[in-house]
There are 2 protein chains.
Amino acid sequence: MIQYILLGFLNYQPMTGYDLKRALDHSTGHFWHAYHSQIYTTLRQMEKDGLVTSQFVMGEGQPDRRTYTITEQGREMLSVWLSRPLTEAVSVKEELLVRLFFSGQRSNESILAELTVQREIHQQKLAEYRKMQQEMEEQAKCLPLPSLQRDSVFWMATLKMGMRYEQAYLDWLSETIQTVQSL
Amino acid sequence: MIQYILLGFLNYQPMTGYDLKRALDHSTGHFWHAYHSQIYTTLRQMEKDGLVTSQFVMGEGQPDRRTYTITEQGREMLSVWLSRPLTEAVSVKEELLVRLFFSGQRSNESILAELTVQREIHQQKLAEYRKMQQEMEEQAKCLPLPSLQRDSVFWMATLKMGMRYEQAYLDWLSETIQTVQSL
DNA sequence: GTGACATATGTCATTATTGACATATAATTC
DNA sequence: GAATTATATGTCAATAATGACATATGTCAC
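Not measured: the values here are computed from a predicted model.

Asks: Tell me about the relation of the copies chain B and chain A, residues and numbers included.
Replies: With an axial shift of 0.0 Å and an RMSD of 0.0 Å, the rotation relating chain B to chain A amounts to 180 degrees. In symmetry terms, the pair is related by a two-fold rotation axis. Counting the interface residues of chain B, we find that 100% of their copies in chain A are interface residues as well, pointing to one common contact surface.

Asks: How would you explain the sheet that holds strand β2 (residues 52-57) of chain A if you had to name every residue and give the values?
Replies: Residues and elements named next belong to chain A. Here three strands make up an open sheet; going across it, the order is β1-β3-β2 and the pairing antiparallel. A single partner strand is all that each edge strand has here, and the edge strands are β1 (15-16) and β2. Sheet analysis places β2 next to strand β3 (residues 65-70), joined by six bridges and oriented antiparallel. Following the sheet pairing, Phe-56 is matched in β3 by Arg-66. Those strands touched by helix α1 (residues 2-10) are β1, β2 and β3, and its axis lies near 90 degrees from that of β3. Across the sheet, helix α3 (residues 36-48) touches β2 and β3, and the angle it forms with β2 is around 115 degrees.

Asks: Describe the packing of α1 of chain A against helix α4 (residues 72-83) of chain A, naming the residues involved and giving the relevant values.
Replies: Packed helix pairs are characterised by how far apart their axes lie and by the angle those axes make with each other. All names here are of chain A. Two numbers describe how α1 lies on α4: the axes approach to 10 Å, and their chain directions differ by 115 degrees. The chirality of how α1 crosses α4 is left-handed. Counted together, Gln-3, Tyr-4, Leu-7 and Gly-8 of α1 and Gly-74, Met-77, Leu-78 and Trp-81 of α4 form the full contact between these two elements. Classifying every residue of the contact of α1 with α4 by side-chain character gives five nonpolar, three polar and no charged.

Asks: Go over the sheet that holds strand β3 (residues 65-70) of chain B with me, naming the residues and quoting the values.
Replies: Residue and element names in this part refer to chain B. Ordered in space as β1-β3-β2, the three strands form an open sheet in which the pairing is antiparallel. The strands lining the two open edges of the sheet, one partner per strand, are β1 (15-16) and β2 (52-57). Packed onto the sheet, helix α1 (residues 2-10) meets β1, β2 and β3 and runs at close to 90 degrees relative to β3.

Asks: Outline the interface of chain B and chain A, supporting the account with residue identities and numerical values.
Replies: Each partner contributes residues to the interface: chain B has 66 residues there, and chain A has 66 residues. For the pairing of chain B and chain A, the buried interface totals around 6,700 Å² over both sides, and the portion due to carbon and sulfur atoms is 68%. Counting across the chain B and chain A interface gives two salt bridges. The salt bridge involving Glu-175 of chain B is made with Arg-164 of chain A; its shortest N-O contact spans 3.0 Å. In this structure, the connection of chain B to chain A is made through 28 residue pairs in polar contact (both at pLDDT 80 or more). Contributing elements (two or more residues each) for the side of chain B that touches chain A: α1, α4 (72-83), α5 (95-101), α6 (108-141) and α7 (147-181) of chain B. Counting residues per element, the side of chain B that touches chain A draws most heavily on α7 of chain B, which supplies 19 residues. Here the residues of the side of chain B that touches chain A sort into 33 nonpolar, 19 polar and 14 charged.

Asks: Please provide a residue-by-residue account of the packing of α1 of chain B against helix α2 (residues 17-25) of chain B, values included.
Replies: Residues and elements named next belong to chain B. Remark: α1 packs on α2, axes separated minimally by 11 Å, with the N-to-C direction vectors making an angle of 100 degrees. The orientation of α1 with respect to α2, classified from their angle, is roughly perpendicular. Every residue of α2 that contacts α1 at Ile-2, Ile-5, Leu-6, Phe-9 and Leu-10 is listed here: Leu-20, Ala-23 and Leu-24. When its residues are assigned to classes, the contact of α1 with α2 shows eight nonpolar, no polar and no charged.

Asks: Any details on the pairing of β3 of chain B? Residues and values, ideally.
Replies: In this sheet, β3 of chain B lies alongside β1 of chain B in antiparallel orientation, the contact comprising two bridges. Of the residues in β3 of chain B, the one forming a bridge with Met-15 of chain B is Tyr-68 of chain B.

Asks: Got a sec to walk through the domain arrangement of chain A? Specific residues and values, please.
Replies: Residue and element names in this part refer to chain A. Entries for chain A in the domain assignment read domain 1 (2-83) and domain 2 (95-181). Here the C-alpha centroids of domain 1 and domain 2 sit 27 Å apart. For domain 1, the biggest contributors to the area lost against domain 2 are Tyr-12, His-30 and Phe-31; these three give 92% of the whole. Run the count over domain 1 and domain 2 and you get zero salt bridges. Linking domain 1 to domain 2 there are two residue pairs in polar contact (both at pLDDT 80 or more). Among the residues making up the side of domain 1 that touches domain 2, the classes are represented as two nonpolar, two polar and no charged.

What counts, and where the lines are drawn
Residues numbered from 1 in each chain as written. Chains lettered and ligands numbered in written order. Predicted model: local features only at pLDDT ≥ 70, side-chain atom pairs only at ≥ 80, totals over all residues. Heavy atoms only, no water. Least-squares fit on C-alpha atoms with pLDDT ≥ 70 in both. Contact = heavy atoms within 4.5 Å. Pairing = 2+ DSSP bridges. Helix = DSSP H or I, 4+ residues; strand = E, 2+ residues; numbered from the N terminus. Axes fitted to C-alpha atoms, helices over the stretch in contact; angles between N-to-C directions. Left-handed = near helix turned anticlockwise from the far one by under 90°. Nonpolar A, V, L, I, M, F, W, Y, C, P; charged D, E, K, R; others polar. Buried area = accessible area lost by both parts, 1.4 Å probe. Salt bridge = Lys/Arg side-chain N within 4 Å of Asp/Glu carboxyl O. Polar contact = N/O pair within 3.5 Å; in protein donor to acceptor, adjacent residues only side chain to side chain. Parallel < 35°, antiparallel > 145°, perpendicular 65-115°, else oblique. Domains from an automatic or database assignment.

See below:
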């Protein structure tokens, strides 16, 4: 998966591993996390596979940088991947639900403490997404390239799903906290 | 993670790998999937670690079965895990959002086809969860052990999150389909 | 000047997960 | 009687992901 994400970004412009890590952290990282270790090793593998090329630039006054550029083969691979639609349910991994499922043996206080912390975490996430939405709407007014206008519709769509997810999570947490309190 | 799920089930009663696979598929599998291969290998490892013991029963008229029983150490490990609350955001993995994020280069038709299939998938999931909820509510009236009454509150809570998630997903899919149609 | 932080790139051992391959019996259906 | 499905348990190679360890420079504040 991470390989397609990297191709997706490199399809816009050449970037270094560090650039990519930052780009991910502010966008796709919210729905597909990656450590920098995974990014650097995947980029190396992709170079071996001919999906990208790299240029090492000795740092003059700055640390050395290795810039990766997508190849025609890389673009082709990204296109093929995008053209083959997801036709199955993706598997969800929700550790909190696993924990709650087996929480019959726990005290109400222990459970409530955990759910309350989670509510704070998801409130922060929602606030973060709302801020991102505002910033994105402002940036959309003055995009450097008109071709990015179309892209920004999809970026915004992913953000909207993030907000719906966080809102649903928050609503459920409040409901569940109430339920546990009344036990 | 899968290890704690297995301990969670074995904490109720001794079970075989096959039993566990079925139990997971009808419950926790909806928020933490596991192949039978992972279940069997994890059970073996857990036996080495002293978390479970196993009794092999030659099948008389039925296939051979290896029944796993949780040990005191296993119960302890489960308890410790449950008592250490999740205090961080769990990382989400949403392949559809990754795909949509980089879908600027795709045709509207291709995107709409994918979103429509996803809507059907999530509608089915929601229907499945609603059916499970009905069954659970009926079963709750005549539980074999009164101690399960408390547990069923948490099982129901996880199911409710599943329904909220699917509903949020469906609402977002409809919204996004409309957005793409109007491009 | 020194300590902290951002920039920048990597390695590596371990664990987790995937999904195909393999095997055998019993019951049911055609 | 042949095929299919459910029961039941495993192996294994490959991939993906985790998170610690390692290193070096530039900048800024104190």
